[in-house]
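The residues making up each chain are set out below.
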Amino acid sequence: MEIKELHFEEIDSTSSFIKRNWTSLPPFAFVSSSFQKEGRGRNDRKWLSEKGSSLLFSLLIKDHPLLNYGPFLSLPSAVSISKFLEKEGVEGVSIKWPNDIYIHGKKVAGILLEGSLPDYLIIGIGINLNQPSFEGEYRRPPTSIFLETGKKVDVSSFKDGLFQAIMETFLKEDMKECCLSYFKTHDFLLGKRGYQGKDKKEGTFLGVDKDFNLLFKLGNEILTLSSGEVSAIEII
Ligand code: BTN
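All of the points below concern the structure found in this document. (Residues numbered from 1 in each chain as written. Predicted model: local features only at pLDDT ≥ 70, side-chain atom pairs only at ≥ 80, totals over all residues. Heavy atoms only, no water.)

## A word on helix α5 (residues 175-184)
Here is the rule: To sort residues, take the accessible area from a 1.4 Å probe on protein chains only and compare it with the maximum for the residue type: under 20% means buried, over 50% means exposed, and anything in between is partly exposed. Numbering of helices and strands runs from the N terminus, with a helix taken as a DSSP run of H or I at least four residues long and a strand as a DSSP run of E at least two residues long. Note on contacts: a residue pair qualifies if any of its non-hydrogen atoms lie within 4.5 Å across the two residues.
Burial in α5 covers these residues: M175, C178, C179, L180, Y182 and F183. Buried residues along α5 sit in contact with α2 (74-87), β4 (93-96), α4 (155-170) and β9 (201-208).

The structure is reproduced here in structure tokens:
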């Protein structure tokens, strides 16, 4: 199977590049950049990072049965990153449903899923590797691997290792079961309290169902939320 890798020193956004060029790329293409001038996060937020201090890349998937999983693919993406961090000796790693990676409760990586199903999907990933500090206001406190471990990361070998880990996870025969069972032991929200809706009703996060929908207990009711409804509940 052909897997293409492209790297830029500077680009507007690796995900925007794929959006413009997906028809001419092979079914799996990793596009990375040392710097993004217009990096994008979820909910129209910007994704800012210092040149060379982060791993910024997007993976295109097209013409492949994996597309049938749709937004569920944020799970194997998050699991690949979390497992790889643990393999590299990072402690305190968890996944905040549906697509943030935390170290000791601070965000180290984010995932942005875009595309047009059934044609193609773009999985955009930003991981803070060596950034020594973060300026500005953030909804969740950010961190980097350097800040958490005191060790500088070799961006290029981290990238090679992670790309391989992602392909292995995605192409596993039992990908779904395997990722769900890993997630259950690394679920940042599990057991935490949250608010739902404008009137801020309080409830408890109960984990996820077999399709990676979030379960939230509100009084006697259990709400099931899809990844598109992530902003419906806030953590207390
Ligand atoms: C989030 O909001 O947590 C998701 C952030 C995703 C950022 C990555 S960096 C590489 C790719 N290109 C972008 O413009 N965004 C994604």
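Structure shown, so let's carry the discussion forward.
## Some remarks on the layout of surface pockets
What counts here: The pocket and cavity definitions rest on a 1 Å grid over protein atoms only: a 1.4 Å probe that fits but cannot leave marks a cavity, an open set with protein on both sides within 12 Å along at least five of seven lines marks a pocket, and residues lining either have an atom within 4 Å of a point. Grid points are joined across faces, edges and corners, and a volume is the space filled by probe spheres set on the points. Each residue is assigned to one of three groups, with Ala, Val, Leu, Ile, Met, Phe, Trp, Tyr, Cys and Pro labelled nonpolar, Asp, Glu, Lys and Arg labelled charged, and all others, Gly among them, labelled polar. Segmentation into domains, and thus their bounds, comes from an automatic or database assignment.
There is about 810 Å³ of room inside the largest pocket. R42, R45, W47, D100 and K107 are, among the 43 residues lining the largest pocket, the residues nearest its centre. Listed by contribution, the elements that provide at least two residues to the lining of the largest pocket are α1 (14-21), β3 (54-62), β6 (106-116), β7 (120-128) and β12 (233-235). Split into classes, the residues belonging to the lining of the largest pocket amount to 17 nonpolar, 14 polar and 12 charged. Two domains share the lining of the largest pocket, each providing at least three of its residues, namely domain 1 (3-184) and domain 2 (193-232). Volume-wise, the second largest pocket comes out at about 340 Å³. Lining the second largest pocket are 17 residues; nearest its centre among them are R42, N99, L113, S227 and G228. In terms of residue count, β6 provides more of the lining of the second largest pocket than any other element does, five residues in total. Counted by class, the lining of the second largest pocket contains seven nonpolar, eight polar and two charged residues.

## Some words on the packing of α2 against α4
Axes are the key here: two packed helices are described by the angle between their axes and the distance separating the axes. Inclusion rule: All axes here are fitted lines through C-alpha atoms, helices being fitted over the stretch that makes contact, and every angle between N-to-C directions spans 0 to 180 degrees. What sets the label is the angle itself: under 35 degrees gives roughly parallel, over 145 gives roughly antiparallel, 65 to 115 gives roughly perpendicular, and the rest give oblique. A clockwise turn of the near helix away from the far one marks a right-handed crossing, whereas an anticlockwise turn of less than a right angle marks a left-handed crossing.
Packing of α2 against α4 brings their axes to within 9 Å, and their N-to-C directions diverge by 130°. By the criterion of interaxial angle, the relationship of α2 to α4 is oblique. Between α2 and α4 lies a crossing of right-handed hand. Seen from α2, the contacting residues are P76, S77, S80, I81, F84 and L85; seen from α4, they are F158, G161, L162, A165, I166, T169 and F170. Its residues assigned to classes, the contact of α2 with α4 comprises nine nonpolar, four polar and no charged.

## Observations concerning the side chain of R42
Convention followed: Two N or O atoms form a polar contact when they lie within 3.5 Å of each other; inside protein one atom must be a possible hydrogen donor and the other a possible acceptor, and for residues adjacent in sequence the pair counts only when both atoms belong to side chains.
Looking at the secondary structure, you find R42 in the loop between β2 (28-33) and β3. Here D100 takes part through its side chain, which lies 3.1 Å from a polar atom of the side chain of R42. Among all residues touching R42, those that are not within four sequence positions of it are N99, D100, K107, I111 and L112.

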